[in-house]
Amino acid sequence: MTPPPVRVDHLVTSGTFSLDGGTWEVDNNVWLVGDDHEVYVIDAAHDADAIADAVGDRRLLGIICTHGHDDHIDAAPALADRTGAPILLHPQDEVLWRMRHPDRAPDKPLADGDVLTVAGAQLRVLHTPGHSPGAVCLHAPALTTVFSGDTLFQGGPGATGRSYSSFPTIVASIRERLLTLPPETVVRTGHGDSTTVGDEAPHLEEWIARGH
Ligand SMILES: [Fe+2]
């Protein structure tokens, strides 16, 4: 009997994002990659109960944080506490993490080139700074998908107007690390709708010209 294939589950959770003295209402995409037995969560946003329900009785291998903005990490400690799963974050975003969770550090560093394996599928860590210094994307070739966090959305780059962001840096990350993936690669984002590399790639020069 062949094992059930790895799959992607999706939740949308609601809460707030705070930085630089402002607070905004946001809906976040929470992605789960796994099979009936084991799973990774990508971005434990806002609602640990809902995410734990989606994990179910599966073994949670880790909570991957695409970056340290508080809307993407606010439920990570609660989910870790109830499951025992480690929290994974690129060290360059620990400055952002500590704003929300000063008394609870992440458990493991993510680094460019790391490969996480779940249900026989690989998640390759791409360090894609710009939206934040330690932003990462997760490329899953077997699923023809990349989880882009807030680095690339349908219609353009993630925001770079606030502290710790850089527009030239995010453009370089998108150009060199994401638009070089196969064009059929589905881009599963941190907020809003999914897209594909092939749908976004022709617009890079427009984004550079408009400056965001
Ligand atoms: Fe963000």
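An account of the accompanying structure is given in this report. (Residues numbered from 1 in each chain as written. Predicted model: local features only at pLDDT ≥ 70, side-chain atom pairs only at ≥ 80, totals over all residues. Heavy atoms only, no water.)

**Section: the sheet that holds strand S10 (residues 145–149)**
One open sheet accounts for six strands, arranged S7-S8-S9-S10-S13-S14; its pairing is mixed. Sheet topology places strand S7 (115–118) and strand S14 (195–196) at the edges, where each strand pairs with a single neighbour. Where strand S9 (residues 136–140) lies against S10, three bridges are found, and the strand directions are antiparallel. Bridging from a neighbouring strand, Ala140 pairs with Thr145 of S10. (Pairing = 2+ DSSP bridges. Helix = DSSP H or I, 4+ residues; strand = E, 2+ residues; numbered from the N terminus.)

**Notes on unusual backbone geometry**
Phi is mostly negative for residues that are not glycine, and the peptide bonds are mostly trans. Notably, His46 is not glycine yet its phi reads approximately 75 degrees, a positive angle. Inspection of the secondary structure puts His46 in the loop between strand S3 (38–42) and helix H1 (48–55). Look at Ala119: it is not a glycine, yet its phi comes out positive at around 50 degrees. Mapped onto the elements of the fold, Ala119 is located in the loop between S7 and strand S8 (121–127).

**Looking at H1**
Among the residues making up H1, those that are buried are Ala48, Ile51, Ala52 and Val55. Angularly, the buried residues of H1 cover 100 degrees about the axis, an arc narrow enough to put them on a single face. Each element contacted by the buried residues of H1 is listed here: strand S1 (7–19), strand S2 (22–34), S3, strand S4 (59–64) and helix H3 (76–83). Here H1 starts with a cap whose side-chain oxygen sits 3.3 Å from the backbone nitrogen of Asp49, and that cap is Asp47. Once H1 finishes, Gly56 follows within two positions and takes phi at roughly 65 degrees, a positive value. (Buried < 20%, exposed > 50% of the residue type's maximum accessible area, 1.4 Å probe, protein only. Arc of directions from axis to C-beta. Contact = heavy atoms within 4.5 Å. Polar contact = N/O pair within 3.5 Å; in protein donor to acceptor, adjacent residues only side chain to side chain.)

**Regarding the pairing of strand S13 (residues 186–189)**
With burial as the criterion, only one face of S13 is covered, namely that bearing Val187 and Thr189; the residues Val186 and Arg188 on the opposite face remain uncovered. In this sheet, S13 lies alongside S10 in parallel orientation, the contact comprising four bridges. If you follow Thr145 over to S13, its bridge partner there is Val186. Connecting S13 to the next strand, S14, in antiparallel fashion are five residues, including Gly192 with a positive phi near 80 degrees.

**Observations regarding the nonpolar core**
By size, the foremost hydrophobic cluster in this structure holds 22 residues, and its most contacted members are Val41, Ala44, Leu60, Ile63, Leu79, Ile87 and Trp97. Among the elements of the structure, S2, S3, H1, S4, H3 and strand S5 (87–89) are those that each provide at least two residues to this core. Apart from the residues within four sequence positions on either side, Trp97 is in contact with Cys65, Gly68, Ile73, Ala76, Pro77, Ile87, Leu89, Arg104, Ala105 and Pro106. (Core = buried A, V, L, I, M, F, W, Y, C linked by side-chain atoms within 4.5 Å.)

**Considerations on the pattern of salt bridges**
Under the criterion given, the structure shown has nine salt bridges. The partner of Asp107 in a salt bridge is Arg104, and the shortest N-O contact between them spans 3.1 Å. A relative accessible area of 41% places Asp107 in the partly exposed class. On the basis of relative accessibility, which here comes to 25%, the residue Arg104 falls in the partly exposed class. The residue Glu205 makes a salt bridge to Arg175 at a minimum N-O spacing of 3.7 Å. Of this pair, Glu205 sits in helix H7 (residues 204–210) while Arg175 sits in helix H5 (residues 167–178); the two residues are 30 residues apart in sequence, bridging distant segments of the chain. Taken together, the salt bridges that share partners define one network made up of Arg7, Asp9, Asp36 and Arg58. (Salt bridge = Lys/Arg side-chain N within 4 Å of Asp/Glu carboxyl O.)

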